[in-house]
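Take a look at the letters that make up each chain.
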Amino acid sequence: MTLSLFATDIYRAKLGGPAVAALLGDLAATIRQLARDDGAGRRWSAENGYGGYTSYASLDDLAWRDSAVAELQTRLDKHVAVFARQLAFDLKGRKLTCDSLWVNLLKPGAQHTAHIHPGSAVSGTVYIEVPPGASAIRYEDPRLGLMMAAPQVKPGAPPARQRFVSVAPKAGEVLLWESWLRHDVPRNAAKSERLSISFNYR
Ligand SMILES: [Fe+2]
């Protein structure tokens, strides 16, 4: 027999709740308005090579500013609670809470290089607009840096055996993962912007 140990879970679900399409529309409008009006965020995006706009470094109170974001956060709380149970986290009766949340407008041709989300427990993204050809998100085997002489795996091997796994989200879907899991967003081959909202819980 073989034990399969040290699971790496990617949680994927529809956002759910009432009037999802209207909420996604409101969130798309919020993202586009921020991308126009947030000068500090536009500057940060340009200076840091982000192809498009992110509020990551400029705004930390979007749920307070915007009722659609507040509603989104309420729905995300439920998904994160389910995921925390799935991961068997011993939270001593407490809950993971949203520590940061930011919007992303990725232009055609842009990408986001590999990174982790330090200092948080669970991270994720909810997809607001995903045009045809838009980038997937790609996760990297967290043991990769330890594999000195490990052979490559066959292209047809199951996802749990692969070193890199891409997940192509649809609009209205939520992805969650543990914050230490390295991921990147390859070049956006869509003809229009890919809109998403990312967040950290701890
Ligand atoms: Fe990320």
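The rules behind each value
Residues numbered from 1 in each chain as written. Predicted model: local features only at pLDDT ≥ 70, side-chain atom pairs only at ≥ 80, totals over all residues. Heavy atoms only, no water. Helix = DSSP H or I, 4+ residues; strand = E, 2+ residues; numbered from the N terminus. Rg over C-alpha atoms; globule rule 2.2 N^0.38 Å. Buried < 20%, exposed > 50% of the residue type's maximum accessible area, 1.4 Å probe, protein only. Contact = heavy atoms within 4.5 Å. Areas by Shrake-Rupley, 256 points an atom, 1.4 Å probe, with all protein chains shown as cover. Pairing = 2+ DSSP bridges. Axes fitted to C-alpha atoms, helices over the stretch in contact; angles between N-to-C directions.

Asks: Is there a simple way to explain the overall build of the protein chain in this structure?
Replies: Secondary structure assignment for the protein chain yields four helices and ten strands. Listed by position from the N terminus, the elements making up the protein chain come as β-α-α-β-α-α-β-β-β-β-β-β-β-β. The C-alpha radius of gyration computed for the protein chain amounts to 17 Å, which stays within 12% of the reference 17 Å derived for 202 residues, consistent with globular compactness. Projected onto its principal axes, the C-alpha coordinates of the protein chain cover approximately 55 × 45 × 30 Å. Here the protein chain holds 202 residues, and 42% of them are scored as buried. For the protein chain, long-range pairs separated by at least 24 residues make up 85% of all intrachain contacts whose partners lie at least 6 apart in sequence. A total accessible area of about 11,600 Å² is found for the protein chain, and carbon and sulfur atoms account for 54% of it.

Asks: Sorry if this is basic, but what is going on with the sheet that holds strand β9 (residues 183-185) here?
Replies: As a general point, the strands of a sheet are linked pairwise by backbone hydrogen bonds and lie either parallel or antiparallel. Taken together, the four strands give an open sheet; going across it, the order is β4-β9-β6-β7, and neighbouring strands pair in antiparallel fashion. Both outer strands of the open sheet, β4 (112-115) and β7 (164-167), are each paired with one neighbouring strand and no more. Between one strand axis and the next, the sheet turns through 15° on average, direction left out of account. Across two bridges, strand β6 (residues 137-140) lies against β9 in antiparallel orientation. When the sheet's bridge partners are listed, Tyr-139 is paired in β9 with His-183.

These figures capture arrangement, not role.
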